[in-house]
Amino acid sequence: EKDGHDWFMRKEIFEQPRAVADSLLGRRSQSGLLQLDEMRLSDDEIRDIDKIIIIACGTSFYAGMVAKYAIEHWTRIPVEVELASEFRYRDPILDYSTLVVAISQSGETADTLQAIRHARTQRSKVLAICNTNGSTIPRESDAVIYTHAGPEIGVASTKGFLTQLVACYLLALYVAQVKGTRYGDEVDEVMAQLEAIPEQIETVLAGAQQIYDLAAEHVDTRSVLFLGRHAGYPVALEGALKLKELAYIHAEGFAAGELKHGPIALVEPGLPILCVVPPRGRDQLHEKMISGIQEVRARGARTICLAEEGDTKIEPYADVLIRLPRVPVLLQPLVATVPLQLFACELATVMGHDVDQPRNLAKSVTVE
Ligand code: M6R
């Protein structure tokens, strides 16, 4: 049942090309327009939305952070992302024109469930992004986008996360299409980029051995930092969470621009820092990231950089270079997360931990 893999988690990591492809399947009508089967919100209801609040926990929260970049860019609707456990208890400002998006792989997370129950008492519409058909969160929501990853058994979310990202991109593009923002015209282009992702993930998986060797070098490591910017920032947080939950190593993710505001004090010779380098583009993201990497390297950090094919500027500053396929910055989390999942899975394995059942954790957290 693990298809020859030692862990469900590893099997699920390697299933991601198929999971992403399934998540994209049947989302377009013959005329090329996006259609979401269980959207159940009318075009008028969508046009009325003036604010979106995304609520989720753990890895699903990081998917929400990525979604904020995509939704705001394509729809121009302001998006807040909040941990479900915080949202519920702070008297949030909600009304009928607020769309609440709950992201949950299991559909049973108690914190997220309580948050949507509260939102509905405030007359907000709730849309669930969920992997589990018929689970409680989608049943109690006004609309749902199922992620179609297939059952996820490993406690650490992997294909659940990637397909949540796909659902978030689809939601953003759908709202742009309905609202007729100028980005609505990009639907075709972005869908083609998304449809190319499964093959690009295959390329990353084909390079797994490099990541396994890297993991083997880090068995005695006590602390690892992760840096990212823009959509790479949640990827850094996700990489750190995977390492905490599986390898029980202290790991922190930072927005690279925040380094100089405090965290750089942590850097000491030999400290491994995984850096998610944004694709080169017209903005200054790439250069800014490189200067952050130079700063930590000058203080002796060991820089392990994930950077796109063809990026030669990063080469002098990378102690280890892991190549990623070239994709637009908003979609980069779909490829950049995969090496971090492999790294945590392998490191935990060589350390002798139970990857599918990490200590103190449950697959679905049904208590608040
Ligand atoms: O089922 P959910 O997506 O609602 O679960 C949320 C978190 O409990 C979950 O993502 C957790 O952080 C995972 N163990 C991460 O790998």
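Computed from a prediction, not measured in an experiment: that's the story for all the values here.

### Topic: the overall build of the chain
Along the chain, the regular secondary structure elements total 13 helices and ten strands. Against the globule reference of 21 Å for 368 residues, the chain gives a C-alpha radius of gyration of 20 Å, in line with a compact fold. The principal-axis extents of the C-alpha atoms in the chain amount to approximately 55 × 45 × 40 Å. Burial analysis of the chain (368 residues in total) assigns 59% to the buried set.

### Quick notes on the state of the cysteines
Per the stated rule, a full pass over the model turns up zero disulfides. Cys57 takes part in no disulfide bond, and the closest cysteine sulfur to it belongs to Cys130, at a distance of 13 Å. Between Cys130, a cysteine without a disulfide, and Cys168, which holds the nearest cysteine sulfur, the sulfur-to-sulfur distance is 12 Å.

### Topic: the site of the ligand
Around the ligand sit 14 residues, and of these Ser60, Ser104, Gln105, Thr109 and Glu245 come closest. Here an oxygen atom of the ligand and a backbone polar atom of Thr59 are 3.1 Å apart. Ser60 is positioned with one of its side-chain polar atoms (N or O) 2.5 Å from an oxygen atom of the ligand. Calculation on the ligand without its partners gives an accessible area of 410 Å², and the protein chains cover 90% of this total. Among the secondary structure elements, those contributing two or more residues to the shell around the ligand are helix 4 (58-75) and helix 11 (232-247). Across the shell around the ligand, the residue classes tally to four nonpolar, eight polar and two charged.

### Considerations on the environment of Ile197
Of note, Ile197 is situated in helix 9 (residues 187-206). Residues Ile197 and Gln30, 167 residues apart in the sequence, show an inter-C-alpha distance of 22 Å. Apart from the residues within four sequence positions on either side, Ile197 is in contact with Val20, Val327, Leu334 and Val335.

### Some thoughts on the packing of helix 2 (residues 16-24) against helix 9
At a minimum axis distance of 8 Å, the contact between helix 2 and helix 9 shows a crossing angle of 170°. In terms of orientation, helix 2 and helix 9 fall into the roughly antiparallel class. When helix 2 is examined against helix 9, the residues Gln16, Pro17, Val20, Ala21 and Leu24 are found in contact with a partner set consisting of Met191, Leu194, Glu195, Ile197, Pro198, Ile201, Glu202 and Leu205. Here the residues of the contact of helix 2 with helix 9 are counted per class, giving ten nonpolar, one polar and two charged.

### Quick notes on the nonpolar core
Core analysis: the largest hydrophobic core is formed by 96 residues, its most contacted members being Trp74, Leu127 and Leu243. Ranked by the residues each element gives to this core, the list is headed by helix 8 (residues 159-179), at 15 residues. Setting aside residues no more than four positions away along its own chain, Trp74 makes contact with Tyr169, Ala172, Leu173, Ala176, Thr181, Tyr183, Glu186, Val190, Leu330 and Leu331. Leu227, Leu259, Cys275 and Cys305 belong to the second largest nonpolar core, which has 20 residues in total.

### What to know about the confidence of the model for the chain
Confidence in the prediction of the chain, expressed as mean pLDDT, is 95, and 100% of residues score 70 or more. With pTM at 0.97, the complex prediction returns an ipTM value of 0.98.

### Let's talk about the packing of aromatic side chains
Scanning the model with the defined rule gives two aromatic pairs in all. Both rings, one in Trp74 and one in Tyr169, keep their centres 6.3 Å apart while their planes meet at 70°; by these two values the pair is edge-to-face. Placement of Trp74 in helix 4 and of Tyr169 in helix 8 is noted, with a sequence separation of 95 residues between them. Like Tyr169, Trp74 is buried. One residue, Arg359, lies across the ring of Tyr248, its end atom 3.9 Å from the ring centre.

So, how was this worked out
Residues numbered from 1 in each chain as written. Predicted model: local features only at pLDDT ≥ 70, side-chain atom pairs only at ≥ 80, totals over all residues. Heavy atoms only, no water. Helix = DSSP H or I, 4+ residues; strand = E, 2+ residues; numbered from the N terminus. Rg over C-alpha atoms; globule rule 2.2 N^0.38 Å. Buried < 20%, exposed > 50% of the residue type's maximum accessible area, 1.4 Å probe, protein only. Disulfide = S-S within 2.5 Å. Near = heavy atom within 4 Å. Polar contact = N/O pair within 3.5 Å; in protein donor to acceptor, adjacent residues only side chain to side chain. Areas by Shrake-Rupley, 256 points an atom, 1.4 Å probe, with all protein chains shown as cover. Nonpolar A, V, L, I, M, F, W, Y, C, P; charged D, E, K, R; others polar. Contact = heavy atoms within 4.5 Å. Axes fitted to C-alpha atoms, helices over the stretch in contact; angles between N-to-C directions. Parallel < 35°, antiparallel > 145°, perpendicular 65-115°, else oblique. Core = buried A, V, L, I, M, F, W, Y, C linked by side-chain atoms within 4.5 Å. pLDDT = per-residue confidence, 0-100. Phe/Tyr/Trp six-rings, centres within 6.5 Å; stacked < 30°, edge-to-face > 60°. Lys NZ or Arg CZ within 6 Å of the ring centre and 35° of its normal.

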